[in-house]
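# Descriptive structure summary
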Amino acid sequence: MIGKSTESKTPSKTSEVTPASVPPPVGTAVIEVKDIGKRYGNIIALSDVSTSVRAGEVTCVLGDNGAGKSTFIKILAGAHEHTDGELLIDGEATTLSSPRAALELGIATVYQDLAVVPLMPVWRNFFLGSEITKGVGPFRKLDVDEMKRISKDELAAMGIDLRDVEQPIGTLSGGERQCVAIARAVYFGARVLILDEPTAALGVKQSGVVLKYIAKARDRGLGVVFITHNPHHAYPVGDRFMLLRRGKSMGDFPKSEMTLEELTSMMAGGAELESLAHELEKTMGADSAIAQEMKAEAT
Amino acid sequence: MATATAVDERIARTSTLTRLMKRPEIGALAAAVVIFVFFAVTTDTFAKSQGAATWLSGASTIGIMAVAVALLMIGGEFDLSAGAITGTTGLVVGILTTEYGLNVWAAIFISLAIALFIGLVNGILVMRTGLPSFIVTLGTFFVLQGVNLAGTKALIGQVAIQGLSNVPYYDQAKAVFGASIDINGDAAGGALRISVFWWLAVTALATWILLRTRVGNWVFAVGGAQTSARQVGVPVFKTKVGLFMTTAGAGWLVGMLLVFRTSTVQAGTGVGQEFIYIICAVVGGCLMTGGYGSAIGAAFGALIYSMVNSGIVYSGWENDWLFAFLGVMLLVAVLLNEWVRKRAELAR
């Protein structure tokens, strides 16, 4: 019945990304975007964005809400096709038509909702869509023991020591789930890992844990795209910073050309902050605490 | 559970009983045992072989459908046309053989093709339109109900198939779908119908697919979190359409079992049964919202339904109390399932 109709059309080879892909040498550009843009009808969501993602490096994409971060990663992840500019993968101009296509090129995305199924056990989530099977023909079945072992080991390698991979993934904490999602992408041979606001919903300590895994993934030779609005999270792990504001790039800087202070001030938008401080002064009085604070921040 | 984690992070071993208690079908199993014991004690015939043969036979056809509907519900969808399909397929075989003289096996395969096509249409409509499957299959249900009645009347001038037992090769098909084995060697001891073995086979196959194959993993995933499943590369469309076709295929099997059991079929067969399948699946531990449930549980759900159905008769009670019982069972089961889900989802 369903065993035949769906399984036979999806041979395991297309969906199982081989875990042991050899990472390219550190510093090789895996993804390059040149003046890329996205229009929805007459609405320009993103324009003139250029940056690169290199093996063994972390490219941070910073921007406030509505700056175009989501649009940008959707282009890289294959969820949306770009309408302007060029997307080069391994030096070749490409248009990613589906998340599957991106995945096959080794670009894995960990979304904010983590793409996990809360009621399913950790190990089933880990291998969802790329299950390991044994046996032949109609008797091909899940290799449960192997998958449990691998997911336990891979999570342990990332520093998460689960007592039971059989527990529903919904019972893990936000940070732990984030790490399962990262470990999953790393195991399935991602060359580029796109992380969509992985620290947004986390506390200070959990954020630190996630940053550690980002560094770990980088050290394993992966190119990481780290989307965040927090410069304090981006700066310690980032090698390159691309700032977005209102759908436009404010520049693409290597770490050597940028200090944390500059990054923070650019993020906050120095000029904008000054006018905001001015406005607050007018409405709330020059002596109000908040206006004073804004003024101090802006200068 | 949350406190247990905090107190003791490493749980050394869980007993088999604890593991069993976590299974979705455990509630239905317990209820089935209680109901069996109750009627076995309070009535004379219930636990005897002919009594058991009666309720097993009733449970088998409901059970096959309940198992298929459970798979679909775990996949996050409903099928209200599942009952009417059992009538449609039976009528197709009856009309093609008695009215047009077609070979009985050819008619059986044509009716299978029709059932799978209906399932395909259901699936594609649900997936392409994005409408709730409840509405889409309610539509197909009414279409099928109308076609079954009006079509049958138009083609053979009456609402029931007659003379099916006289068509060539009827005995062959009867042996596959309608045979029965006399318990204790004579008919008075009750006859165990072949449909019971079909039911066991379907339940075993469904359980194996659900828990031990990739497709089973996908069924849970598309029901639990469709967007997430798509993001990690699960073929959502194929899985869901496959599930609708499976339900329709099960409808065909039950249609064959019914038509070759009695050698006749009414144009109204199966209408009104669709909710019973859903109730059985829910009693068996399936969540209304998808992503959780069990095929064995649905089989137990059907067993409960059929045992109560027979038990009420043997007790000499008014038959219609069955519906009141069904309603209470459904509400209790839904509350229990919701509680289990919350515990699984929210425990940190």
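Provided above is the structure to which this section pertains.
Read on for a plain summary of the structure. (Residues numbered from 1 in each chain as written. Chains lettered and ligands numbered in written order. Predicted model: local features only at pLDDT ≥ 70, side-chain atom pairs only at ≥ 80, totals over all residues. Heavy atoms only, no water.)

## Focus: the pattern of salt bridges
Residues and elements named next belong to chain A. Per the counting criterion, the structure on display carries 11 salt bridges over all chains. Taking the shortest distance from any N to any O, the salt bridge between R39 and D84 comes out at 2.8 Å. Separated by 45 residues along the polypeptide, R39 in strand β1 (residues 29-40) and D84 in strand β4 (residues 84-89) bring together distant segments of the chain. Residue classification places R39 among the partly exposed residues on the basis of a relative accessible area of 39%. Close ionic contact of K148 with E166 constitutes a salt bridge, the shortest N to O distance being 2.8 Å. (Salt bridge = Lys/Arg side-chain N within 4 Å of Asp/Glu carboxyl O. Helix = DSSP H or I, 4+ residues; strand = E, 2+ residues; numbered from the N terminus. Buried < 20%, exposed > 50% of the residue type's maximum accessible area, 1.4 Å probe, protein only.)

## Looking at the packing of helix α4 (residues 49-74) of chain B against helix α14 (residues 295-315) of chain B
Residue and element names in this part refer to chain B. Here α4 crosses α14 at 145°, and the two axes come no closer than 7 Å. Taken as a pair, α4 and α14 cross one another with a handedness that is right-handed. Here Q50, G51, T54, W55, L56, G58, A59, I62, G63, A66, V67 and A70 of α4 lie close against α14, whose contacting residues are A295, A298, A299, A302, L303, Y305, S306, M307, S310 and Y314. Each residue belonging to the contact of α4 with α14 can be placed in one class, and the counts come to 15 nonpolar, seven polar and no charged. (Axes fitted to C-alpha atoms, helices over the stretch in contact; angles between N-to-C directions. Left-handed = near helix turned anticlockwise from the far one by under 90°. Contact = heavy atoms within 4.5 Å. Nonpolar A, V, L, I, M, F, W, Y, C, P; charged D, E, K, R; others polar.)

## Description of the pairing of β4 of chain A
Residue and element names in this part refer to chain A. Direction of pairing for β1 relative to β4: antiparallel, over a ladder of five bridges. By the bridge assignment, G37 is partnered in β4 with D84. The pairing of β4 with strand β5 (residues 92-93) spans two bridges and is antiparallel. Paired with L88 across the two strands is A93, which belongs to β5. (Pairing = 2+ DSSP bridges.)

## Structural notes on the nonpolar core
Grouped together as the largest cluster of nonpolar side chains are 103 residues, with contacts concentrated most on L128 of chain A together with I64, M73, I108, F177, F260 and I304 of chain B. For this core, the element with the highest residue contribution is α4 of chain B, accounting for 15 residues. Residues within four places of L128 of chain A in sequence aside, it is in contact with V117 and M120 of chain A together with N217, W218, A221, V232 and V234 of chain B. (Core = buried A, V, L, I, M, F, W, Y, C linked by side-chain atoms within 4.5 Å.)

## Observations regarding the side chain of S294 of chain B
Residues and elements named next belong to chain B. If you trace the backbone, S294 turns up in the loop between α13 (274-283) and α14. Judged by its relative accessible area of 3%, S294 falls in the buried class. Polar side-chain contacts of S294 include one of 2.6 Å to the side chain of E25. S294 has contacts with P24, E25, A70, I74, G284 and C286, leaving out every residue within four places of it along the chain. (Polar contact = N/O pair within 3.5 Å; in protein donor to acceptor, adjacent residues only side chain to side chain.)

## Looking at empty space enclosed by the protein
Overall, the coordinates contain two cavities of 30 Å³ or more when judged by the stated rule. Counted as a void, the largest cavity has a volume near 320 Å³. If you go around the largest cavity, you meet 23 residues; those closest to its centre are L103, A108 and T109 of chain A together with Q231 and V232 of chain B. Where the lining of the largest cavity is concerned, the elements lending two or more residues are α4 (99-104), β6 (107-110) and α7 (174-187) of chain A. With four residues, β6 of chain A is the single largest residue contributor to the lining of the largest cavity. Approximately 50 Å³ is the volume found for the second largest cavity. Around the second largest cavity sit I279, C280, V283, G301, I304, Y305, L326 and M329 of chain B, which together line it. Mapped by element, the contributors of at least two residues to the lining of the second largest cavity are α13, α14 and α15 (321-346) of chain B. In the lining of the second largest cavity, the residues fall into seven nonpolar, one polar and no charged. (1 Å grid on protein atoms, 1.4 Å probe; cavity = no way out; pocket = protein on both sides within 12 Å on 5 of 7 lines; lining within 4 Å. Points joined across faces, edges and corners; volume = space filled by probe spheres on them.)

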